[in-house]
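In case you want the letters, here they are:
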Amino acid sequence: MASRPLILFSLCVAAVPCGALDWEIQVVQEDVGKPLLAGNRPLSIALDLATGLPLVAYNDLSTTTTAGLRLARVGSTGWEIETVVHAFADMTEADLELNPVTGHPCIVYRFLHDYLSYAAFDGTSWEISRVGSPLQKDLIQTQTGIVQEGGRLLFDPKSGRLQVIHVHNQNVVLSTYNNTQWTDQTIFPMKGARECRW
Amino acid sequence: MVREASTGELRAAFLLFKTINTIIAKALFFARQTTNGWEVEEITGPGINSRDPSLAFDPTTDHPMILLPLSSILRRFDGQEWLVEQDVYGNILVIDPLTQRPMAVQAAGIGVLLWQFDGSIWTESTVDPTGSQGGEGPRATSIAIHPETGQIFIAYREEISRNIRVAISNPRANRVSEWVDYE
């Protein structure tokens, strides 16, 4: 990949007229392995508006020793990949956003039998915490199957607070984080439903 | 999917799977955040037999529209009822910030395609002809669009090579703010 992506970004604005779409296909990472379950292949892209460059969060299952949640971003030599958390399991969802205040990436993710987690980059390292009120227990498994859905992440445009919509304690819930604790607001009871998709 | 309306309030579209007498029944809901909590309505009729509903808003009216990937149906609220539009393909529905019209990414076994709506018809173009996906592509694809240049970024897993790829379009408009050269 070398420095090619950066040259592309520099030249395109000046050289390419508006109108037709031309595509450049870039490989972020080769052979990230095959998920155990066919449907579990989520990834998420976000755009750093300050630089105009993308970031991508995804699960790498290529080897048991190195598997985990990755974040790829464009650096001075092309795509630079870092490990957010190690876990050799299918990821059922990943949602990446940039914190509008800090500009740093944040990821909500879930591995198959794990709780929904929130990873926030502080500029040097990742802080991992669990999403939702600690007093409640996530609906992870029922007699009819496993709830495999993760959460959707966004920042409240008014307060700037992190919000996650997800399944929690058999409800569809909006959890809001005030940098200290989570508060949950029930949107809708699942009423015996075994799975929720959004 | 959850998105923010122009008012700053949240809207969510979600699908619940219920097992009734060993048959899995699906129900599609649209939730609207209000000052008094959440108002939830069930959307019935064609298209609900689909996973991963994708939500966007008409930029003019703020009315919601929900793309249902497996049934290739777009349910569009006109202010009174949920209309049904057939043969709308794609997994992820977004509003193009340049044209203010819907756009959809499709990645499911036939390469990666981009569908653009011009106000009357949807037109497809190929992003990556070799970017094949398995049967369940929706959540293995993600899109971001630069709000000023209209440059489109699509991330996806390529099924055969198992590569993580990003397709990057050319910018479609000059950036308003000062350009930063990364060289």
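First, a word on scope: everything that follows refers to the structure included in this document.

**A few points about the overall build of chain A**
Phase 1 of the analysis: Within chain A, the regular secondary structure consists of 1 helix and 16 strands.
Phase 2 of the analysis: For chain A, the proportion of contacts with a sequence separation of at least 24, taken over those separated by at least 6, is 45%.
Phase 3 of the analysis: Per element, the accessible surface of chain A, about 8600 Å² overall, is 51% carbon and sulfur.

**Looking at the pattern of salt bridges**
Residues and elements named next belong to chain A.
Phase 1 of the analysis: Going through the model one piece at a time under the given rule, you end up with 5 salt bridges over all chains.
Phase 2 of the analysis: Asp60 serves as the salt-bridge partner of Arg70, at 2.9 Å between the closest nitrogen and oxygen. Of this pair, Arg70 sits in strand β4 (residues 68-75) while Asp60 is found in strand β3 (residues 53-60), placing the two residues 10 residues apart along the sequence.
Phase 3 of the analysis: Given a relative accessible area of 6%, Arg70 falls into the buried group.
Phase 4 of the analysis: The salt bridge partner of Arg73 is Glu82, with a shortest N-O separation of 2.8 Å.

**So, the packing of aromatic side chains**
Residue and element names in this part refer to chain A.
Phase 1 of the analysis: According to the stated counting rule, one finds 9 aromatic pairs over all chains in the structure shown.
Phase 2 of the analysis: Seen in terms of ring centroids, Tyr118 and Trp182 are 6.3 Å apart; in terms of plane orientation they differ by 90°. Their pairing is edge-to-face. With Tyr118 in strand β8 (residues 117-121) and Trp182 in strand β15 (residues 182-189), this residue pair connects regions lying 64 residues apart in the sequence.
Phase 3 of the analysis: Look at Trp182 and you get buried, because its relative accessible area is 10%.
Phase 4 of the analysis: Between Arg73 and the ring centre of Phe121, over which it is positioned, the NZ or CZ distance is 4.9 Å.

**Quick notes on the nonpolar core**
What tends to happen in soluble globular proteins is that the nonpolar side chains get buried as a cluster.
Phase 1 of the analysis: Counting 18 residues, the largest nonpolar core has Ile165(A), Val172(A), Ile187(A), Phe188(A), Cys196(A), Phe14(B) and Leu16(B) as the members making the most contacts within it.
Phase 2 of the analysis: Elements that contribute at least two residues to this core include exactly β13 (162-168), β14 (171-177) and β15 of chain A together with β2 (10-20) and β3 (23-34) of chain B.
Phase 3 of the analysis: The leading source of residues in this core is β2(B), at 4 residues.

**Comments concerning the pairing of strand β6 (residues 64-68) of chain B**
Along any regular strand the residues' side chains alternate between the sheet's two faces.
Residue and element names in this part refer to chain B.
Phase 1 of the analysis: For β6, the buried fraction is high: 5 of the 5 residues fall into the buried class.
Phase 2 of the analysis: Both faces of β6 are covered, namely the face carrying Pro64, Ile66 and Leu68 and the face carrying Met65 and Leu67.
Phase 3 of the analysis: Bridge count for strand β5 (residues 54-57) against β6 is 4 bridges, and the pairing is antiparallel. Residue pairing for β6: Phe57 is matched across the bridge by Pro64.
Phase 4 of the analysis: In sequence, β5 turns back onto β6 through a hairpin of 6 residues, with Asp62 there showing a positive phi of about 70°.
Phase 5 of the analysis: Bridge count for β6 against strand β7 (residues 73-77) is 4 bridges, and the pairing is antiparallel.

Procedures and definitions
Residues numbered from 1 in each chain as written. Chains lettered and ligands numbered in written order. Predicted model: local features only at pLDDT ≥ 70, side-chain atom pairs only at ≥ 80, totals over all residues. Heavy atoms only, no water. Helix = DSSP H or I, 4+ residues; strand = E, 2+ residues; numbered from the N terminus. Contact = heavy atoms within 4.5 Å. Areas by Shrake-Rupley, 256 points an atom, 1.4 Å probe, with all protein chains shown as cover. Salt bridge = Lys/Arg side-chain N within 4 Å of Asp/Glu carboxyl O. Buried < 20%, exposed > 50% of the residue type's maximum accessible area, 1.4 Å probe, protein only. Phe/Tyr/Trp six-rings, centres within 6.5 Å; stacked < 30°, edge-to-face > 60°. Lys NZ or Arg CZ within 6 Å of the ring centre and 35° of its normal. Core = buried A, V, L, I, M, F, W, Y, C linked by side-chain atoms within 4.5 Å. Pairing = 2+ DSSP bridges.

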